[in-house]
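An overview of the molecular structure
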Amino acid sequence: LQTKSKAKSKEEVAKYALKDTLTEKEKYSYIFKSGRDPQKISLLLNLSRLYDEDPEWTSKELMTPIMKTIPKWEMDVQVQGATTFEKLLDKDGLANKNQFLGEITGTVLSMLEIPRDATQASWLEVLKKLLEVIPVHSANKYFIPLCLKLGESSQPEHSRLISVHLVANLLSISPKDDPPKDLIDQLLFLCQDESSLVRTEICTQFGKIAGSLGEELVQTFVFDELMEMIESPVPEVRMAAYEALVDIITKMPPSARETKIIPAFDRFFVTDDEEEEKSENDLLPTISRTFGRVIFELEHHLVGSEYADKWMKYYLHMAKSKVESVRTGWTYNLPAAVCCFGVEKYAAEFHPTTLAVSKDSSSTVKKHLAAGLHEIGSLLGPEQCLTLMKPVFDNLSKSDDIVVYEGFTRNCKELFLCFTPNRFEQTSG
């Protein structure tokens, strides 16, 4: 062991070493009281095992003291502590469970107030696990005040992001018909945050918690906020708001899907080249990627409506986009489009475009088309499949890129089974 001045003597080195005569429990007790950070991480890694071997001793001698002192430890140790206590919360039959839950609640509160990104993010995961086992009234009592504090405008951005997650997690365990007003007000406040990261995260969380809020709040508060966010000049906010709009479709009452959701999407489904050019670099790839979900979840409201033909034309228009990711989304959603808009329209409306896309310059586009051919074939039936799908298959099989063949290999058997058995040999040849 070296110092800046001179080497330590053997006697001095011995002071820093753990005696071989110490038991494992004594070693870990020593590490907790006097160990360095790497040793403390080792202790935390072994804490779950020690608890399994002796719950009472580990709880009293290690877990409780660690929870009291970990806010003072270095960040790496704090992050490992979060992983350890998250696992401990999964254990059945915890010794002194009520005491432990009380202590871990206090620890989580302290750790979430530490202004370190990694610390807050790791202990947020502990909070999610904790909310599964403590009563709702206790969660609201302790964590709503923290949520309001971290969401204040004067707090750093990462703390306000933690506030967004806290609101979402607390609302997810609240009664649908009576969510705490403080949480709804906090969401509304955070929607106006100056940070685009915070607003983007709000949109993402809206999509996740809509099912926990009840139809009334979703069709008024959530829908209205998303429609406002989708007008943001920041592309990331717009994309997150659009995806959240897709996520809340099934959380809206049927009447609102017809009067609010369909008109909301319809405003984006334009085939005018000038309008398309405005959004081609941000929102259009998201629209293309999620189009199948939108029409599938709105199918009963869409079929036979004034919007059906317009949306089908918009979908076909996307196949001509200059952006590869848009054309990739088109191929990915082709089976859903055929299913929704009608198999009988495939030959006249979809097939010419599909045939053109099968010659696309992008191997990724052709790979996704190849991967979905079996689904289209099963919808068309053997006769139409042979007539319409074989030319597409032939075009794709002429590719020199192995990437395209990866699309085929996923569902090769299913594709050939779409043809009648006596034509299997003819087609595969």
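You'll find the structure just up there.
Our subject in this report is the structure included herewith. (Residues numbered from 1 in each chain as written. Predicted model: local features only at pLDDT ≥ 70, side-chain atom pairs only at ≥ 80, totals over all residues. Heavy atoms only, no water.)

Any two side chains of opposite charge can pair, on the condition that their charged atoms come close. Under the criterion given, the structure shown has 19 salt bridges. Here Asp282 makes a salt bridge to Arg238, at a shortest N to O gap of 2.9 Å. Taken together, the positions of Asp282 in the loop between helix 15 (273–279) and helix 16 (283–297) and Arg238 in helix 13 (residues 235–247) put the pair 44 residues apart, joining distant regions of the chain. For Arg238, a relative accessible area of 16% corresponds to the buried category. (Salt bridge = Lys/Arg side-chain N within 4 Å of Asp/Glu carboxyl O. Helix = DSSP H or I, 4+ residues; strand = E, 2+ residues; numbered from the N terminus. Buried < 20%, exposed > 50% of the residue type's maximum accessible area, 1.4 Å probe, protein only.)

To continue, consider the packing of helix 8 (residues 136–150) against helix 10 (residues 181–190). Packing of helix 8 against helix 10 brings their axes to within 11 Å, and their N-to-C directions diverge by 20°. In terms of axis orientation, helix 8 runs roughly parallel to helix 10. The handedness of the crossing between helix 8 and helix 10 comes out as left-handed. Each of Ile144, Cys147 and Leu148 in helix 8 lies in contact with helix 10, whose residues at this interface are Asp182, Leu183 and Gln186. Residues belonging to the contact of helix 8 with helix 10 are distributed by class as follows: four nonpolar, one polar and one charged. (Axes fitted to C-alpha atoms, helices over the stretch in contact; angles between N-to-C directions. Parallel < 35°, antiparallel > 145°, perpendicular 65-115°, else oblique. Left-handed = near helix turned anticlockwise from the far one by under 90°. Contact = heavy atoms within 4.5 Å. Nonpolar A, V, L, I, M, F, W, Y, C, P; charged D, E, K, R; others polar.)

Attention shifts here to the packing of helix 22 (residues 363–380) against helix 23 (residues 382–397). Contact geometry of helix 22 with helix 23 gives a least axis separation of 10 Å together with a crossing angle of 170°. Between helix 22 and helix 23, the interaxial angle falls into the category roughly antiparallel. On helix 23, the residues that touch Lys366, Leu369, Ala370, Leu373, Ile376, Gly377 and Leu380 of helix 22 are Gln384, Cys385, Leu388, Met389, Val392, Phe393 and Leu396. Across the contact of helix 22 with helix 23, the residue classes break down as 11 nonpolar, two polar and one charged.

Turning to the layout of surface pockets, a few remarks are in order. Of the voids in this model, the second largest pocket is the one considered here, and its volume is about 200 Å³. Along the walls of the second largest pocket sit 14 residues, with Thr331, Tyr332, Asn333, Pro335 and Glu375 positioned nearest its centre. Among the elements that take part in the lining of the second largest pocket, helix 22 stands out by supplying four residues, more than any other. Tallied by class, the residues present in the lining of the second largest pocket amount to four nonpolar, six polar and four charged. (1 Å grid on protein atoms, 1.4 Å probe; cavity = no way out; pocket = protein on both sides within 12 Å on 5 of 7 lines; lining within 4 Å. Points joined across faces, edges and corners; volume = space filled by probe spheres on them.)

Within the largest apolar cluster, 130 residues are counted, with the highest numbers of intra-cluster contacts made by Ile104, Phe265 and Trp311. Among the elements that take part in this core, helix 12 (residues 215–229) stands out by supplying eight residues, more than any other. Beyond its immediate stretch of four places on either side in the chain, Ile104 contacts Met67, Phe85, Leu89, Trp123, Val126 and Leu130. (Core = buried A, V, L, I, M, F, W, Y, C linked by side-chain atoms within 4.5 Å.)

The next subject is the environment of Gly329. Tracing the backbone through its elements, the reader meets Gly329 in helix 19 (residues 324–332). Look at Gly329 and you get buried, because its relative accessible area is 7%. Once the C-alpha coordinates of Gly329 and Ala319 are considered, the two residues, 10 residues apart in sequence, prove to be 8.8 Å apart. Among all residues touching Gly329, those that are not within four sequence positions of it are Ser288 and Arg289.

Along its 15 residues, helix 8 runs 20 Å from first to last C-alpha, staying within 8% of the 21 Å computed at 1.5 Å per residue. Maximum bend of helix 8: about 35°, positioned at Phe143, with proline Pro145 one to four residues after it. Within helix 8, the full set of buried residues consists of Ser138, Ala139, Asn140, Phe143, Ile144, Leu146, Cys147 and Leu150. Those residues of helix 8 that are buried lie in contact with helix 6 (97–112), helix 7 (117–130), helix 9 (157–172) and helix 10. (Expected span 1.5 Å × (residues − 1). Bend = angle between axes of the 7 residues up to and from the residue.)

Two aromatic rings, taken as a pair, are described by how far apart their centres are and by the angle between their planes. Counted by the stated rule, this structure contains 16 aromatic pairs. Arranged with centres 6.2 Å apart and planes meeting at 35°, the rings of Phe85 and Trp123 form a pair that is tilted. In this pair, Phe85 is assigned in helix 5 (residues 75–88) and Trp123 in helix 7, connecting sequence segments 38 residues apart. Grouping residues by exposure puts Phe85 and Trp123 together as buried. With a centroid separation of 6.3 Å and 55° between ring planes, the pair formed by Tyr307 and Trp311 is classed as tilted. (Phe/Tyr/Trp six-rings, centres within 6.5 Å; stacked < 30°, edge-to-face > 60°.)

Helical geometry: 3.6 residues make up each α-helical turn, so side chains three or four residues apart lie on a common side. Listed in full, the buried residues belonging to helix 10 are Leu183, Ile184, Gln186, Leu187 and Leu190. On an axial view of helix 10, the arc spanned by its buried residues comes to 160°, and they lie on one face. (Arc of directions from axis to C-beta.)

This part covers the environment of Gln155. Relative to the elements of secondary structure, Gln155 occurs in the loop between helix 8 and helix 9. Gln155 gets classed as buried once you look at its relative accessible area, which sits at 18%. For the pair formed by Gln155 and Pro115, sequence separation is 40 residues and the distance between their alpha carbons is 9.2 Å. Side-chain polar atoms of Gln155 contact the backbone oxygen of Lys149, separated by 3.3 Å. (Polar contact = N/O pair within 3.5 Å; in protein donor to acceptor, adjacent residues only side chain to side chain.)

A few words on the environment of Thr107. By the element assignment, Thr107 lies in helix 6. We classify Thr107 as buried; its relative accessible area is 3%. A C-alpha to C-alpha distance of 10.0 Å links Thr107 and Thr64, two positions 43 residues apart in sequence. Apart from residues lying up to four places away in sequence, Thr107 is in contact with Met67, Ile70 and Trp123.

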